[in-house]
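Topology and contacts: notes
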Amino acid sequence: MNITEYTNRIEKHQELLKKLLNATPIKYSNWPPVNHDHLSESAGVYHFYEVQRCHVVSLYVGKAGFGVNENWSLFERLKQHFQPSQKYALLGKSSRKLGITPQEAKRRFNSGNVHLQWLKLRERSNTQLIDIETELKWFECFAIAVLMPEYT
């Protein structure tokens, strides 16, 4: 790979990260969004963050594809982040780091200033989705490297 190809890759990920950070957020306590049908047919990357005294603290960055059987979605993955039983999602990881129960972490996030935003990268279709998992993985890694979330 030459320097131009690397530069192009960086620029592509920068643009995607700008779109993610500019995506309309919802408060953690307002999950699920009223119209979430579009998320059930989508793959993408998401970002949980908290606003603390005029600045943003990144909490968690993740990705969601369609899975091996193509029966997964962005909506299915996001739902896990609101379930205390999910130890590899936001509540499980944050509760371990904070030394509290996942239920207490959920209470804190619901009563706090925690938000969620996402960027859809693909929609499910009848055509085969080539390399979506790879694309999601590399963009997720880029976003994590830049945002440095506390619980990912």
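See the structure shown above.
Described in the following lines is the structure provided in the data block.

So, how was this worked out
Residues numbered from 1 in each chain as written. Predicted model: local features only at pLDDT ≥ 70, side-chain atom pairs only at ≥ 80, totals over all residues. Heavy atoms only, no water. Phe/Tyr/Trp six-rings, centres within 6.5 Å; stacked < 30°, edge-to-face > 60°. Axes fitted to C-alpha atoms, helices over the stretch in contact; angles between N-to-C directions. Helix = DSSP H or I, 4+ residues; strand = E, 2+ residues; numbered from the N terminus. Parallel < 35°, antiparallel > 145°, perpendicular 65-115°, else oblique. Contact = heavy atoms within 4.5 Å. Nonpolar A, V, L, I, M, F, W, Y, C, P; charged D, E, K, R; others polar. Polar contact = N/O pair within 3.5 Å; in protein donor to acceptor, adjacent residues only side chain to side chain. Pairing = 2+ DSSP bridges. Core = buried A, V, L, I, M, F, W, Y, C linked by side-chain atoms within 4.5 Å. Buried < 20%, exposed > 50% of the residue type's maximum accessible area, 1.4 Å probe, protein only. Expected span 1.5 Å × (residues − 1). Arc of directions from axis to C-beta.

1. Thoughts on the packing of aromatic side chains
Per the stated rule, a full pass over the model turns up nine aromatic pairs. Chaining the aromatic ring pairs together yields one cluster made of Y28, W31, Y46, F48, Y60, F75, F82 and F109.

2. Quick word on the packing of helix α1 (residues 3-22) against helix α5 (residues 132-147)
Packing of α1 against α5 leaves a shortest axis separation of 10 Å and a crossing angle of 75 degrees. With respect to their mutual orientation, α1 and α5 come out roughly perpendicular. Packed against α1, whose contacting residues are I10, K12, H13, Q14, L16, L17, L20 and L21, the element α5 presents E135, W138, F139, F142, A143, V146 and L147 at the interface. Along the lines of polarity and charge, the residues of the contact of α1 with α5 split into eleven nonpolar, two polar and two charged.

3. Notes on the side chain of S95
Among the structural elements, S95 can be located in helix α3 (residues 90-98). In terms of polar contacts, S95 uses its side chain to reach the backbone carbonyl oxygen of L91, at 3.0 Å. Discounting chain neighbours no more than four positions away, the residues touching S95 are I100, T101, P102 and A105.

4. Details of the sheet that holds strand β3 (residues 55-64)
Strand order in the open sheet formed by four strands is β1-β4-β2-β3, with antiparallel pairing between adjacent strands. Lying at the two open borders of the sheet, with one neighbouring strand each, are β1 (26-27) and β3. Sheet analysis places β1 next to strand β4 (residues 114-123), joined by two bridges and oriented antiparallel. In the strand pairing of β4, K27 is matched with H115. The strands touched by α1 within the sheet are β2 (42-52) and β4, with β4 carrying the most contacts at an inclination of about 135 degrees.

5. A word on the nonpolar core
Side chains of a nonpolar character, in soluble globular proteins, are inclined to be buried together. The biggest cluster of nonpolar side chains holds 23 residues, and the ones touching the most others in it are F48, L78 and L116. Of all the secondary-structure elements, those providing two or more residues to this core are β2, β3, α2 (74-80), α3, α4 (102-111) and β4. Among all residues touching F48, those that are not within four sequence positions of it are Y28, S58, L59, Y60, L78, H81, F82, L90, H115 and L116. Residues A43, V61, L121 and F142 belong to the second largest nonpolar core, which totals 15 residues.

6. As for the environment of A105
Within the secondary structure, A105 sits in helix α4. According to the relative accessible area criterion, A105 is buried, its value standing at 0%. The spatial distance from the C-alpha of A105 to the C-alpha of K63 is 21 Å, given a sequence separation of 42 residues. A105 has contacts with L91, S94, S95 and I100, leaving out every residue within four places of it along the chain.

7. Quick notes on α5
Taking 1.5 Å of rise per residue, the 16 residues of α5 would be expected to cover 22 Å, and the 22 Å separating its terminal C-alpha atoms lies within 8% of that figure. For α5, every residue scored as buried is listed here: I132, E135, L136, F139, E140, F142, A143 and L147. Buried residues along α5 cover an arc of 165 degrees about the axis, so they all sit on one side. Buried positions along α5 lie against α1, β2, β3 and β4. In the stretch just after α5, M148 is the one whose phi turns positive, near 50 degrees.

8. What about the pairing of β3?
The element β3 is extensively covered by neighbouring structure, given that seven of its ten residues are classed as buried. Sheet topology note: the β2/β3 ladder contains nine bridges and is antiparallel. Across the sheet, G44 pairs through a bridge with A64, a residue of β3.

These figures capture arrangement, not role.
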